[in-house]
Amino acid sequence: MHEAPSQHHAPHDDPNEAGPSRRSVLWTAGAAGAGLGIGGLSSAPAATAASAAEGTAAAPATSGRTMIGVPFERRGTVRVGIIGLGNRGGSMIDLFLAVPGVRVVALCDPVKEKTAKAAGKVTAAGQPAPAVYTHGEHDYENLCARGDIDFVYAATPWDRHFEMARAALLHGKHVGVECPLALRLDQLWELVDLSERTRRHCMQLENCCYGRNEMRVLRMAHAGLFGELLHGAGAYVHDLRGLMFDPKYYEGPWRRLWHTRLRGDLYPNHGFGPVAGYMDLNRGDRAVRISSIGTPALGLAAYRKDHMPAGDPSWKESYIGSDRTISLVQTAKGRVIRLEHDVSTPHPYSRINSLGGTKGLFEDYPERIYLEPDHSNDEWGDFSAYAQWDHWLWKEHANPPGGHGGMDYLLVFRLMQCMRLGLVPDFDVYDAATWTAPVPLSDLSIKANGAPQEIPDFTRGLWKKARPGMDSQKPEE
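Since the model is a prediction, treat every value here as computed from it, not as a measurement. (Residues numbered from 1 in each chain as written. Predicted model: local features only at pLDDT ≥ 70, side-chain atom pairs only at ≥ 80, totals over all residues. Heavy atoms only, no water.)

Caption draft 1: Region of interest: the packing of helix H5 (residues 161-170) against helix H6 (residues 185-198). Interaxial distance between H5 and H6 falls to 10 Å at its minimum, and their mutual angle equals 15°. Our classification of the angle between H5 and H6 gives roughly parallel. For the pair H5 and H6, the sense of crossing is left-handed. Between H5, through Phe 162, Ala 165, Arg 166, Leu 169 and Leu 170, and H6, the contact on the second element is made entirely by Gln 187, Glu 190, Leu 191, Leu 194, Ser 195 and Thr 198. Its residues placed into classes, the contact of H5 with H6 shows 6 nonpolar, 3 polar and 2 charged. (Axes fitted to C-alpha atoms, helices over the stretch in contact; angles between N-to-C directions. Helix = DSSP H or I, 4+ residues; strand = E, 2+ residues; numbered from the N terminus. Parallel < 35°, antiparallel > 145°, perpendicular 65-115°, else oblique. Left-handed = near helix turned anticlockwise from the far one by under 90°. Contact = heavy atoms within 4.5 Å. Nonpolar A, V, L, I, M, F, W, Y, C, P; charged D, E, K, R; others polar.)

Caption draft 2: The sheet that holds strand E4 (residues 151-154), seen in detail. The 6 strands lie next to each other as E3-E2-E1-E4-E5-E6, forming an open sheet whose pairing is parallel. At either end of the open sheet lies a strand with only one pairing partner, and these are strand E3 (131-133) and strand E6 (202-204). When strand polarity is set aside, the average angle formed by the axes of neighbouring strands in this sheet is 25°. The sheet contact formed by strand E2 (residues 102-108) and E3 spans 3 bridges and is parallel. Pairing of Leu 107 across the sheet is with Val 132, part of E3. Docked against the sheet, helix H2 (residues 89-98) engages strand E1 (78-83), E2 and E4, running at close to 160° with respect to E2. (Pairing = 2+ DSSP bridges.)

Caption draft 3: Broad picture of the nonpolar core. Counting residues in hydrophobic clusters, the biggest one holds 104 residues, and the most contacted among them are Phe 96, Phe 151, Tyr 210, Phe 226 and Met 416. Every residue in contact with Tyr 210, bar those within four places of it in the chain, is listed here: Met 215, Leu 393, Trp 394, Met 407, Leu 410, Leu 411, Arg 414, Asp 426, Phe 427 and Met 470. Grouped together as the second largest cluster of nonpolar side chains are 21 residues, Leu 183, Met 244, Trp 258 and Leu 266 included. (Core = buried A, V, L, I, M, F, W, Y, C linked by side-chain atoms within 4.5 Å. Buried < 20%, exposed > 50% of the residue type's maximum accessible area, 1.4 Å probe, protein only.)

Caption draft 4: Here's a closer look at the pairing of E4. Burial of E4 is two-sided: the residues Phe 151 and Tyr 153 facing one way and the residues Val 152 and Ala 154 facing the other way are all buried. Here E4 runs beside strand E5 (residues 174-177); their pairing, made up of 4 bridges, is parallel. Bridge pairing in E5 links Tyr 153 to Gly 176. Since E4 and E5 lie parallel, the crossover through H5 that links them has a hand, and here it is right-handed. (Right-handed = clockwise from strand over helix to strand, strands pointing away.)

Caption draft 5: Geometry of the environment of Cys 144. Mapped onto the fold, Cys 144 is located in helix H4 (residues 139-144). The exposure class of Cys 144 is buried, given its relative accessible area of 0%. A sequence separation of 24 residues divides Cys 144 from Ala 168, and the C-alpha atoms of the two residues are 5.3 Å apart. Ignoring any residue separated from it by four or fewer positions in sequence, one finds Cys 144 in contact with Ile 83, Val 152, Met 164, Ala 167, Ala 168, His 171 and Lys 173.

Caption draft 6: Broad picture of the packing of helix H15 (residues 429-436) against helix H16 (residues 438-447). H16 packs onto H15 with a crossing angle of 25° between their chain directions and a minimal axis gap of 6 Å. Considered as vectors, H15 and H16 are oriented roughly parallel to each other. Counted together, Thr 434, Trp 435 and Thr 436 of H15 and Pro 438, Val 439 and Pro 440 of H16 form the full contact between these two elements. A per-class count over the contact of H15 with H16 returns 4 nonpolar, 2 polar and no charged.

Caption draft 7: Here's a closer look at unusual backbone geometry. The linkage connecting Tyr 365 with the following residue, Pro 366, adopts the cis geometry, with an omega of 0°. With respect to the helices and strands, Pro 366 occurs in the loop between strand E12 (360-363) and strand E13 (368-371). Here the bond from Glu 372 into Pro 373 is cis, since omega is 5°, no more than 30 degrees from zero. Locating Pro 373 in the fold gives a position in the loop between E13 and helix H13 (392-396). Look at Asp 280: it is not a glycine, yet its phi comes out positive at around 55°. Inspection of the secondary structure puts Asp 280 in the loop between helix H11 (269-278) and strand E8 (287-294). The backbone of Ile 352 shows a phi angle near 60°, a positive value even though the residue is not glycine. Within the secondary structure layout, Ile 352 lies in the loop between strand E10 (336-342) and strand E11 (354-357). Judged by its relative accessible area of 15%, Ile 352 falls in the buried class.

Right, dumping it as structure tokens:
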């Protein structure tokens, strides 16, 4: 279940190179949040390095109806368009092709070799050759405009997620993006409002919510085995120094450059999403404020000194992103969630993934549990003894294909199942916005010496009502 290299998103060119490279037109980091100029709406503000954390926690006026509890339209076949065919998108296409009732209709990536390779996978799976979009800065708009696509999947560098999700919604498509959903609060609000206005779902495709341990803890928590829930923790602790300085892996430094722009938690979703599910955030409780602190930014510069030759473009970079950020989120019920992020120092992989309540707690990496009355004498118990609490998805797919221990496949399988059967998705745009809000807010809090920042109520008050989420019942086909 560890975060393997295939988790990361489509590569990006090096802005320090003279002149545009083959990826600079479509995937350039400087184009983050640029307006699309479609659908007669005004352009969105650009997410520059100086403005990435700007925005407001206050709820803007709504012009639509809530998407809470809104099912997909039932369909026999789900027709998918994929934007971004790098490390992540190039591997996830295999899983879309492996799920019954799914057809990959169109592909988009400015690197024609990647698009051709992905198209070959489609035809090798026995499906018709997909349409390909490889031209121009906004060719993904042409993919989104097609009339034969039901769902758009975006796996590109972070600062393109907002505009691609926006384009998909404006063209009447359901859309799912890799994390984070966007990088500004105003962008998160815009996607919430567009989802409501267009009546199309906009989702953060958080694969870690479908991890086996996460789904087992989810069901145990909802069954009351932990008692009244008090605290939880999640993280993205992954040594990415080698990959971030490898020009062949990312085809440029787009991910590393975010450490020159923001000081906060750049990647909170893997840790926040599962714990939000345990605590039913937006389903009876909600995250209300976040306070963050961060260490000095030393790790990337130290790695560069030891590994990068003189004259490498990275020597022009000044890193400000905290090597380790630690955030405390408090909920309306008074619970506390700890979030951590560290990709710049040496350490084993961990998402922490812990949950505690009045009857005991679970901690992951390594997995261990202590519950009363099952355990005593301050000695950890065997988590494998609770396999009967596995989610039905893991009972039905005991050895799923794909990366990250099978969670990627279960994410795709369940999403496509919900679309085929006309079910309400396991999570929605309000969850996506909530899980992503720590990106800009942690940056603001660190700059304010840890001062708490208000987390918007993206549901506009509807969080108070209990409703289903990840803890689903197996549907009848």
